[in-house]
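Single-letter residue listing:
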Amino acid sequence: MTRGKREVERILRSQIKVFMKKKIEFKDVFICSISLKFIFYAAQLTIAIGYLHMKGIAHRDLKLENILLDQNGYLKIIDFGLAKMLSDGEQAASFCGTPEYLAPEMIA
């Protein structure tokens, strides 16, 4: 493994899910800063997903565990194992994703 790859892995260890759980516990004290941070993260995620779709990429397994937070507070989307490249007008018809995050009627 190269030094650069190790550095990226070290920076991206923190999952946004862990960060959100820690921050929500103190919501009475930090309500203003939390809402601004979540707005910032929601905006980043919206821009990132929009960019992927503009490039014809459907992630298909987007969940909190696949969103990491770097040391500067920016989100990184990972795990493109189920991603699919789509051409204009094409739709993904296959069934995939993490079962824990699927609606019950999709599993049955």
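Now for a look at the structure at hand. Note that the structure is predicted; figures quoted are calculated from it, not measured. (Residues numbered from 1 in each chain as written. Predicted model: local features only at pLDDT ≥ 70, side-chain atom pairs only at ≥ 80, totals over all residues. Heavy atoms only, no water.)

## Digging into the overall build of the chain
- Counting its secondary structure elements, the chain contains 4 helices and 4 strands.
- Accessible area of the chain: about 8,100 Å², with a carbon and sulfur share of 62%. (Helix = DSSP H or I, 4+ residues; strand = E, 2+ residues; numbered from the N terminus. Areas by Shrake-Rupley, 256 points an atom, 1.4 Å probe, with all protein chains shown as cover.)

## Overview of the packing of aromatic side chains
- Scanning all chains against the criterion turns up 2 aromatic pairs.
- Feature note: the residues Phe40, Tyr41 and Tyr74 constitute an aromatic cluster, connected by ring pairs. (Phe/Tyr/Trp six-rings, centres within 6.5 Å; stacked < 30°, edge-to-face > 60°.)

## Let's talk about the environment of glycine 56
- Turning to its location among the elements, glycine 56 is positioned in the loop between α3 (31–54) and β1 (57–58).
- Residue classification places glycine 56 among the buried residues on the basis of a relative accessible area of 13%.
- Not counting the four nearest positions on each side in its chain, glycine 56 is found in contact with Lys84, Met85 and Leu86. (Buried < 20%, exposed > 50% of the residue type's maximum accessible area, 1.4 Å probe, protein only. Contact = heavy atoms within 4.5 Å.)

## Let's talk about unusual backbone geometry
- Of note in the backbone geometry, arginine 60 takes a positive phi value of approximately 70° without being a glycine.
- Relative to the helices and strands, arginine 60 resides in the loop between β1 and β2 (67–69).
- Residue class for arginine 60 comes out partly exposed when judged on its relative accessible area of 26%.
- You will see that aspartate 79, though not glycine, has its phi angle at about 60°, which is positive.
- Considering the arrangement of structural elements, one finds aspartate 79 in the loop between β3 (75–77) and β4 (84–85).

## Notes on the side chain of lysine 63
- One can find lysine 63 in the loop between β1 and β2.
- Contact partners of lysine 63, with chain neighbours within four places excluded, come to Thr98 and Tyr101.

## Regarding the side chain of glutamine 44
- Within the fold, glutamine 44 resides in helix α3.
- Owing to a relative accessible area of 14%, glutamine 44 belongs among the buried residues under this scheme.
- From its side chain, glutamine 44 meets the backbone oxygen of glycine 73 in a polar contact 3.4 Å long. (Polar contact = N/O pair within 3.5 Å; in protein donor to acceptor, adjacent residues only side chain to side chain.)

## Some points on the pattern of salt bridges
- All told, the structure shown has 2 salt bridges when counted by the stated rule.
- Aspartate 61 is the partner of lysine 63 in a salt bridge, and the nearest nitrogen-oxygen pair spans 3.9 Å. Like lysine 63, the residue aspartate 61 is buried in the burial classification.
- With its nearest N and O atoms 3.7 Å apart, the salt bridge here joins lysine 76 to aspartate 70. (Salt bridge = Lys/Arg side-chain N within 4 Å of Asp/Glu carboxyl O.)

## Concerning the environment of lysine 63
- Residue class for lysine 63 comes out buried when judged on its relative accessible area of 17%.
- Spatially, the C-alpha atom of lysine 63 lies 9.5 Å from that of glycine 97, the residues being 34 residues apart in sequence.

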